[in-house]
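Listed here are the chains, written in short residue letters.
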Amino acid sequence: MTSTLTNPLRVGLRQERVISPQCLVIFGASGDLTHRKLVPALFELFRQRRLPSEFVILGCARRPWSDDDFRGKMAEALADTIRDHHRDWEQFAGNLYYEPVDLQQSEQLLRLADRLDGLDRLRATRGNRTFYLSVSPDFYGSGCRALADAGLLSDPKRSRVVIEKPFGRDYGSAEKLNRIVRACAQENQVFRIDHYLGKETVQNILVLRFANTIFEPIWNRNFISSVQITAAETVGVEERAGYYESSGALRDMVQNHLTQMLALTTMEAPGRFDPEAIRNEKAKVLQAARLANNEEPWKCCVRGQYSAGGSPSDPFKAYRDEPGVNPNSTTETYVAMKLFIDNWRWQGVPFYLRTGKRLPKRLSEVVLTFREAPVQLFDAAGGSPTANQLILRIQPDEGAGFVFDVKAPGSGMRSRPVDMHFSYDESFGEPSDEGYVRLLADAMLGDPTLYTRADEVEAAWRLYTPLLELIEDSPWRLPVQPYEAGTWGPGAADSLLASDGLMWRRP
Ligand code: BG6
């Protein structure tokens, strides 16, 4: 038997996952994402002992904070998390530093370069740097340029840049941004983040499909009749009107998170488990995807916006009454649409995507509905036969379920659907890490598998171009339809499926 230590493959894999001495530089350190997601994820990595001892987080923003100010702000924001982990936090906080930087001021970048050299010497971080652009999307291009001009991206082995979403506003702007980024760094230095790819269950789509033999032979148009992909949220726009008003659900959720779930569900098996092989397949399938009706997109898409709702004890404001929202806003908080993928595997199978804010449940899932049995030998207990469904539950209650028919108990021979289910929590007994934990570790490891490549992001934008153009040029063709906050979206979204004889799953 080969022991773990003498198995060279295992030793190799383990070594690959060790994060090198490192300085993580966060631009936009005074912003929401830093204290809501990034620093908590880094603290979690620290508590899991996955960060090297030579590790530094350098927060950068325009505010004239000191290192201690930054440590204090983070401690305040993470008060609930650190209450039970005080000693860990004390140690972790010693790795936090701060440098006031305006990315638009080149002399400040030169000062930053000096500070980084100083930190390298002080903390032995060996010039390994990951720059995280958590700034306004308007500054992604100029931010990359500023880093490159200051010589901070010149070593492709030691410097990387992570770029938050949204990467562009449409195909043209994404292509332009890619051109700028490419002039500043090599593709393998660029990490375009989509936090859905950090979710355990989104990655599980790949394992479920390609580590088992039972699914792949039926994962195609011969057996699957339709697919639904849902990302439903109970929250409204919260404090983010400034961003959301110019984004809307299509840019905020569909072009990135839902499209990534679509790509993983529909891609071909990669030749090997390596970042480029996987990303090639994702890009390929997205290039084959199209709206069900590119010429008349209003016939296959629905936009909605929440109006007031809730109960007297828990009322919800209308989107237009939320702070910072234009009272006449036509931004959509809900989108539903139908797509096709023109390739051998999926030709003719409809894919229905929907997402919305202020829906009744927080839930993300992919539902594959299989074709009905060719002959109905048994009466269905519920009146009509049910098709088999495989449900990939992305969140909450992460796991998967399979709906199939069994004999209803009793003297007759009637069929009845039952649900077989797998839960991550029950099987593994520990909660999954937040997406950012996995993704930040991967960026610092230089592993881009779960990051979006330039061609993928462009293919995703191209897919929605007819819709974006329609909204831009003739918005009256696809007006936002009101739906009561706390309900499942506008009735037109139900009609979209009803016209194909289907219904949205109501979990
Ligand atoms: C973000 C969007 O990318 O994803 C938010 O900007 C949305 O509007 C969030 O609320 C949803 O993420 P999750 O992980 O809570 O499903």
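Look above for the structure.
This text gives an overview of the structure that appears in the document.

Procedures and definitions
Residues numbered from 1 in each chain as written. Predicted model: local features only at pLDDT ≥ 70, side-chain atom pairs only at ≥ 80, totals over all residues. Heavy atoms only, no water. Helix = DSSP H or I, 4+ residues; strand = E, 2+ residues; numbered from the N terminus. Expected span 1.5 Å × (residues − 1). Bend = angle between axes of the 7 residues up to and from the residue. Buried < 20%, exposed > 50% of the residue type's maximum accessible area, 1.4 Å probe, protein only. Core = buried A, V, L, I, M, F, W, Y, C linked by side-chain atoms within 4.5 Å. Contact = heavy atoms within 4.5 Å. Near = heavy atom within 4 Å. Polar contact = N/O pair within 3.5 Å; in protein donor to acceptor, adjacent residues only side chain to side chain. Areas by Shrake-Rupley, 256 points an atom, 1.4 Å probe, with all protein chains shown as cover. Nonpolar A, V, L, I, M, F, W, Y, C, P; charged D, E, K, R; others polar. Phe/Tyr/Trp six-rings, centres within 6.5 Å; stacked < 30°, edge-to-face > 60°. Lys NZ or Arg CZ within 6 Å of the ring centre and 35° of its normal. Pairing = 2+ DSSP bridges. Axes fitted to C-alpha atoms, helices over the stretch in contact; angles between N-to-C directions. Parallel < 35°, antiparallel > 145°, perpendicular 65-115°, else oblique. Left-handed = near helix turned anticlockwise from the far one by under 90°. Salt bridge = Lys/Arg side-chain N within 4 Å of Asp/Glu carboxyl O.

1. Side note on helix H15 (residues 454–473)
For H15, spanning 20 residues, the distance from its first C-alpha to its last is 27 Å, which sits close to the expected 28 Å at 1.5 Å a residue. Maximal helix bending in H15 amounts to about 55°, located at Thr 465; proline Pro 466 follows within four positions. Among the 20 residues of H15, 14 are classified as buried, and the element is accordingly described as predominantly covered.

2. A short note on the nonpolar core
Among the nonpolar cores identified, the biggest contains 151 residues, and Phe 27, Leu 42, Trp 89, Met 337 and Tyr 464 are the most heavily contacted of them. Each residue touching Met 337, except ones within four places of it in the same chain, is listed here: Leu 250, Val 254, Leu 291, Cys 300, Cys 301, Phe 351, Tyr 352, Leu 353, Tyr 464, Leu 467 and Leu 496.

3. Thoughts on the site of the ligand
Taken together, the neighbourhood of the ligand is formed by Lys 165, His 195, Tyr 196, Lys 199, Glu 233, Arg 240, Asp 252, Met 253, His 257, Lys 357, Arg 362 and Gln 395. A distance of 2.6 Å is found between an oxygen atom of the ligand and a side-chain nitrogen or oxygen belonging to Lys 199. When the ligand sits alone it has 400 Å² of accessible area, and the protein chains cover 84% of it. Counting residues per element, the shell around the ligand draws most heavily on helix H11 (residues 248–266), at three residues. Split by residue class, the shell around the ligand holds two nonpolar, three polar and seven charged.

4. Let's talk about the packing of aromatic side chains
Summed over all chains, the structure comprises 21 aromatic pairs. Relative to Trp 89, the ring of Phe 43 has its centre 5.2 Å away and its plane inclined at 80°; by these criteria the two rings are edge-to-face. On the criterion of sequence distance, the pair formed by Phe 43 in helix H2 (residues 32–47) and Trp 89 in helix H5 (residues 86–93) is long-range, its members being 46 residues apart. Accessibility expressed as a relative area gives 2% for Phe 43, which makes it buried. Following the ring pairs from residue to residue traces out a cluster consisting of Tyr 244, Tyr 306, Tyr 319, Tyr 334 and Tyr 483. We note Arg 192 situated over the ring of Phe 167; from NZ or CZ to the ring centre the distance is 5.0 Å. Lying across the ring of Tyr 306, Arg 358 places its NZ or CZ 6.0 Å from the centre.

5. Topic: the sheet that holds strand E4 (residues 129–133)
The strands making up a sheet associate through backbone hydrogen bonding, with each pair oriented either parallel or antiparallel. Spatially, E3-E2-E1-E4-E5-E6 is the arrangement adopted by the six strands of the open sheet, whose pairing is parallel. Looking at the sheet topology across the chains shown, the edges are occupied by strand E3 (96–100) and strand E6 (190–192). In this sheet, adjacent strand axes meet at a mean angle of 20° when their direction is disregarded. Relative to strand E2 (residues 55–61), strand E1 (residues 22–27) runs parallel, the two being bridged by six bridges. Counterpart to Phe 27 in the pairing with E2 is Cys 60. H2 contacts E1, E2 and E4 of the sheet and is inclined by roughly 170° relative to E1.

6. Some words on unusual backbone geometry
Note: most peptide bonds trans; most residues except glycine with negative phi. The residue after Lys 165, namely Pro 166, is reached through a cis peptide bond having omega 0°. Relative to the assigned elements, Pro 166 resides in the loop between strand E5 (159–163) and helix H8 (171–184). Phi is positive for Ala 124, which is not a glycine, with a value near 55°. As for its position among the elements, Ala 124 is in the loop between helix H6 (106–123) and E4. Ala 124 gets classed as partly exposed once you look at its relative accessible area, which sits at 37%.

7. Side note on the packing of helix H12 (residues 275–287) against H15
If you want to describe how two helices pack, look at the angle between their axes and the distance between the axes. In the contact formed by H12 and H15, the axes pass within 9 Å of each other and the chain directions differ by 20°. When the axes of H12 and H15 are compared, the pair comes out roughly parallel. At the point where H12 passes H15, the crossing takes the left-handed sense. Every residue of H15 that contacts H12 at Arg 279, Lys 282, Ala 283, Leu 286 and Gln 287 is listed here: Asp 455, Glu 456, Ala 459 and Ala 460.

8. Digging into the packing of H2 against H5
In the contact formed by H2 and H5, the axes pass within 10 Å of each other and the chain directions differ by 110°. On the basis of their axis angle, the class for H2 and H5 is roughly perpendicular. Within the contact between the two elements, H2 uses Val 39, Leu 42, Phe 43, Phe 46 and Arg 47 and H5 uses Asp 88, Trp 89, Gln 91 and Phe 92.

9. Description of the environment of Met 261
Summarising the element assignment, Met 261 is placed in helix H11. Look at Met 261 and you get buried, because its relative accessible area is 0%. The sequence separation of Met 261 and Arg 63 amounts to 198 residues, and the corresponding C-alpha distance is 37 Å. Sequence-distant contacts of Met 261, that is, excluding residues within four places in its chain, are made with Tyr 196, Ile 205, Ile 229, Thr 230, Ala 231, Val 366 and Ile 394.

10. What about the pattern of salt bridges?
Following the criterion strictly, the structure yields 35 salt bridges and no others. Arg 47 is the partner of Glu 44 in a salt bridge, and the nearest nitrogen-oxygen pair spans 3.6 Å. Separated by three residues within a single helix, Glu 44 and Arg 47 lie in helix H2, roughly one turn from each other. Accessibility expressed as a relative area gives 25% for Glu 44, which makes it partly exposed. Accessibility expressed as a relative area gives 29% for Arg 47, which makes it partly exposed. Across the pair Lys 338 and Asp 500 runs a salt bridge, and its minimum N-O distance is 2.9 Å. Taken together, the positions of Lys 338 in strand E12 (residues 334–341) and Asp 500 in the segment after helix H16 (491–498) put the pair 162 residues apart, joining distant regions of the chain. Classification of Asp 500 as partly exposed rests on a relative accessible area of 31%. One continuous salt-bridge network, built from bridges that share partners, spans Glu 44, Arg 47, Arg 49 and Asp 88.

These figures come from the coordinates and say nothing about function on their own.
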